[in-house]
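Coordinate analysis (summary)
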Amino acid sequence: MFAIFFRTYLYMMATIFSGLLVFFLLLLPVLQSFEKEDDLRLVRGTVQLLVNELAASDTDQWPARVQQFRAEFGPLLSLEPLEQVALPGDAGKDLLAGALVSIYEEDIFYQRLVESEVVLRLRPPLDGSPWFLEKKSPLADLTISLLLRSLKGVSEEQWPASVDRINGWFGFPLQIKELGTISLSEESSAELRQGGRLIDLGEEIVYQPIEGSGYILCLGPVFQNQHWILKILFYLLLALFLLTCGCAALLWARPLWKDMDRLSSAAIALGSGDFSSRARLARKSDLKSVAEVFNSMALRLQLTVGSQKDLINGVAHELRTPIMRMRLLAELLAPQLEEKQEACALLCELRDNMDELDDLTSEILAYLKLEQIARTFGAELVMARPWLDRLLAGFELSLQRGGLRLEVELETDSAVILLDPKMMARALSNLINNAIKHARHRVRLSLISKNGRYSLLVDDDGPGIAAEDRERIFQPFTRLEPQGEGSRGLTGYGLGLSIVRRIAEWHNGRVTAETSPLGGARLKICWSGSDNEGYLPVTRPL
């Protein structure tokens, strides 16, 4: 069992690892591409403002202007000759065409300046989202400074139009609002009135007061329309991970499920009486040890039951030899004792005892033979009336001797029932014989068909069966004491009703004892008439 749990643990770990590996190999390039595009979105407006700022001056002044920016905002800007910039793949062609390109691994951005041989190099000192959402962000300081420079020399009435023109360069909204129109707390509003920058991390908006006016420059939301993309990627990741885990679990569970199905089939067959049933699993199966224990148990059961059957069968056959000898001796003694009445009475009693012992032996052999016959048990559709007529013809003499009347009740003469005709005839014969032994005047046989189920009822007007004995009578060798007036004493050997019960079970049905409307006992066999798959197999092991 430890090996099963250990392998299960290994399979689970392998499943999780394989899911993470698939995510890493398939989604990581997608996430990197997305992050690269997002980085370009964040710096595109800043680079365009820098290009416009430098384009307004002569090329020989560019180094000085860049040096001023570096002195004010840190070493995030530099100029490089175009021929010294080596970019992989199509990035070099995009740079020559005037596009903004980046090296994702190093967070470096390149922009060619006004079709010159000079390239502007931008490298923010921080990584990712803090570029704009930090108090001390050189990139945010540079961007806001360039925006404010672009508003100088423009009247306040034209600020919204100027910002709208610039807005298209940025990957997030730019707005100019009056302080009173912004919904902020008193503390935040006071900070803006004092000229301080305010960063709303919840809304991802940067508020920068414009000196000398009552207006606020608003940058953001910085990640507008980006969160839903991240959510989609997260759910895609989760779905892919679960799919990978599910596929791996299916690959692991399928052989285990097949082995458990084999074990279940073997157990069902064993429970049905097929003691030769074995669970045959692969050598490397996780349930191999369980199958070995099951097969060992089945073998012991097979040997035990087989030895018991052989013993009973052997004893029954061996008993017949001394019985025949005793019967032969009795026949030889009969002519010599005809004149001696007392001796004749004892001889008759001896014959009766031998007949009883012979009948008991025959019943035991018949019981064992019945189980052998059941191995080829199979049901078929039969016409009820002809089948019953053939069966009841054998009881006419017994009924006449007992002075009994047999009543047969069928719903219709054309009724068709599904059963094993030989086996059910044996069961019904036992029930009728039982009723004849205990009935006073009447025996009634009824066949009822309703909703795909059949019932055979045998009623008599005898003394009946006590409620506490109605389950016990179907056990082998159970004989009840005679009850009430008209009882004929102990008869039979307690195997007839046991045989009836076995035959009913082979029909997927049951036999019960009840009180009869005639006043005596009612014995009823009920079974299903469905011919669905799995019902009444042609071969049914014991």
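1. Some points on the side chain of serine 57
Counting through the fold element by element, serine 57 comes out in the loop between helix H1 (2-55) and helix H2 (62-73). Judged by relative accessible area, serine 57 falls into the buried class, the value being 16%. Residues contacting serine 57, with those up to four places away along its chain left out, are Trp62 and Arg65.

2. Overview of helix H10 (residues 384-392)
Two residues of an α-helix separated by three or four positions point the same way, owing to the 3.6 residues in each turn. Regarding H10, the residues found buried are Ala384, Trp387, Leu388, Leu391 and Leu392. An end-on view of H10 places all buried positions within 120° of arc, on one side of the element.

3. Looking at the pairing of strand E3 (residues 108-112)
Burial analysis of E3 places five of its five residues in the buried class, which makes it a mostly covered element. Burial along E3 is two-sided: Ile108, Tyr110 and Arg112 and Phe109 and Gln111, pointing in opposite directions, are all buried. In this structure, the hairpin formed by strand E2 (residues 101-103) and E3 is closed by a connection of four residues, where aspartate 107 is found at a positive phi of approximately 55°. When E3 meets strand E4 (residues 118-122), the two strands line up antiparallel, connected through four bridges. From the neighbouring strand, phenylalanine 109 faces E4, where its bridge partner is leucine 122.

4. Examining the confidence of the model for the protein chain
In this model, the protein chain carries a mean pLDDT of 79, and residues with pLDDT of at least 70 account for 76%. Counting contacts from residues 486-490, a segment whose pLDDT is below 50, to residues more than four positions away or on other chains yields eleven contacts. Taken as a whole, residues 531-542 scores under 50 in pLDDT and shows 41 contacts with residues more than four places along the chain or in a different chain.

5. Let's talk about the environment of arginine 112
With respect to the helices, strands and loops of the structure, arginine 112 is situated in strand E3. Here the alpha-carbon distance between arginine 112 and valine 51, two residues 61 residues apart in the chain, equals 8.7 Å. Ignoring anything within four residues of it in the chain, the contact list for arginine 112 reads Leu82, Leu95, Leu96, Glu117, Val118 and Val119. For arginine 112, the side chain forms a polar contact with the main-chain oxygen of leucine 96, separated by 2.8 Å. Within polar-contact distance, the side chain of arginine 112 engages the backbone oxygen of serine 116 at 2.7 Å.

6. Side note on the sheet that holds E4
Strands sit in the order E1-E4-E3-E2 across an open sheet of four strands; the sheet is antiparallel. This sheet does not close on itself; its edge strands, each paired only once, are strand E1 (77-81) and E2. Across the sheet, the mean angle from the axis of one strand to that of its neighbour is 30°, orientation sign disregarded. Its contacts with the sheet put H2 on E1 and E4, and the angle it makes with E1 is roughly 150°.

7. Describing the side chain of arginine 444
When you line up the elements, arginine 444 lands in strand E12 (residues 442-450). A distance of 3.3 Å separates polar atoms of two side chains, one belonging to arginine 444 and the other to glutamate 407. If sequence neighbours within four positions are ignored, arginine 444 has contacts with Glu407, Glu409, Leu457, Val458, Asp459 and Leu518.

8. Quick notes on the sheet that holds strand E8 (residues 215-219)
Pairing within the open sheet is antiparallel, and its four strands lie in the order E5-E8-E7-E6. Two strands in the sheet have a free side with no partner beyond their single neighbour: strand E5 (174-178) and strand E6 (198-200). Across this sheet, the average inter-strand angle for adjacent strands is 25°, counted without regard to direction. Two strands pair when backbone bridges link them, and E6 and strand E7 (residues 205-209) are joined in this way by three bridges, in the antiparallel orientation. Of the residues in E7, the one forming a bridge with leucine 198 is tyrosine 207. Across the sheet, helix H4 (residues 138-151) lies against E5, E7 and E8, angled at about 135° from E8, the strand it touches most. Helix H6 (residues 186-193) rests against E6, E7 and E8 of the sheet, and its axis sits at about 145° to E6.

9. Re the pattern of salt bridges
This structure, assessed with the given rule, holds 15 salt bridges. Measuring nitrogen to oxygen at the nearest pair gives 3.9 Å for the salt bridge that ties glutamate 53 to arginine 149. With a gap of 96 residues between them, glutamate 53 in helix H1 and arginine 149 in helix H4 connect regions that are remote in the sequence. With relative accessibility at 22%, the residue glutamate 53 sits in the partly exposed group. Overall, the relative accessible area of 31% leaves arginine 149 in the partly exposed class. Between arginine 444 and glutamate 407 there is a salt bridge, with the nearest N and O atoms lying 3.3 Å from each other. Of this pair, arginine 444 sits in strand E12 while glutamate 407 sits in strand E10 (residues 405-410), and the two are 37 residues apart along the sequence. For the pair formed by arginine 444 and glutamate 407, the shared burial category is buried. Residues joined by salt bridges that share partners form a network here, namely Arg405, Glu407, Glu409, Arg442 and Arg444.

About the thresholds
Residue positions within a chain follow its written sequence, with the count starting from 1. Where local features are concerned, this predicted model is filtered to residues with pLDDT of at least 70; where side-chain atom pairs are given and counted, the filter is 80 or more; whole-chain, interface and lining totals use all residues. Values reported for side chains reflect all heavy atoms of the structure, with hydrogen atoms and water molecules removed beforehand. The helix count covers DSSP runs of H or I at least four residues long, the strand count covers runs of E at least two residues long, and both are numbered beginning at the N terminus. Think of it in three bands: with a 1.4 Å probe and only protein chains considered, a residue is buried below 20% of the maximum accessible area for its type, exposed above 50%, and partly exposed in between. When checking whether two residues touch, look at their non-hydrogen atoms; a contact exists if any pair is within 4.5 Å. Throughout, the arc means that of the directions going from the helix axis to the C-beta atoms. Strands are labelled as partners when DSSP assigns at least two bridges between them. Scored from 0 to 100, pLDDT reflects the predictor's confidence in each residue. Polar contacts, as used here, are pairs of N or O atoms within 3.5 Å; protein pairs need one atom able to donate a hydrogen and one able to accept it. Residues neighboring in sequence count only if both atoms are side-chain atoms. Whenever a helix is involved, its axis is fitted only over the stretch in contact; in every case the axis is a line through C-alpha atoms, and angles between N-to-C directions fall within 0 to 180 degrees. The rule for a salt bridge is simple: a side-chain nitrogen of Lys or Arg has to be within 4 Å of a carboxyl oxygen of Asp or Glu.

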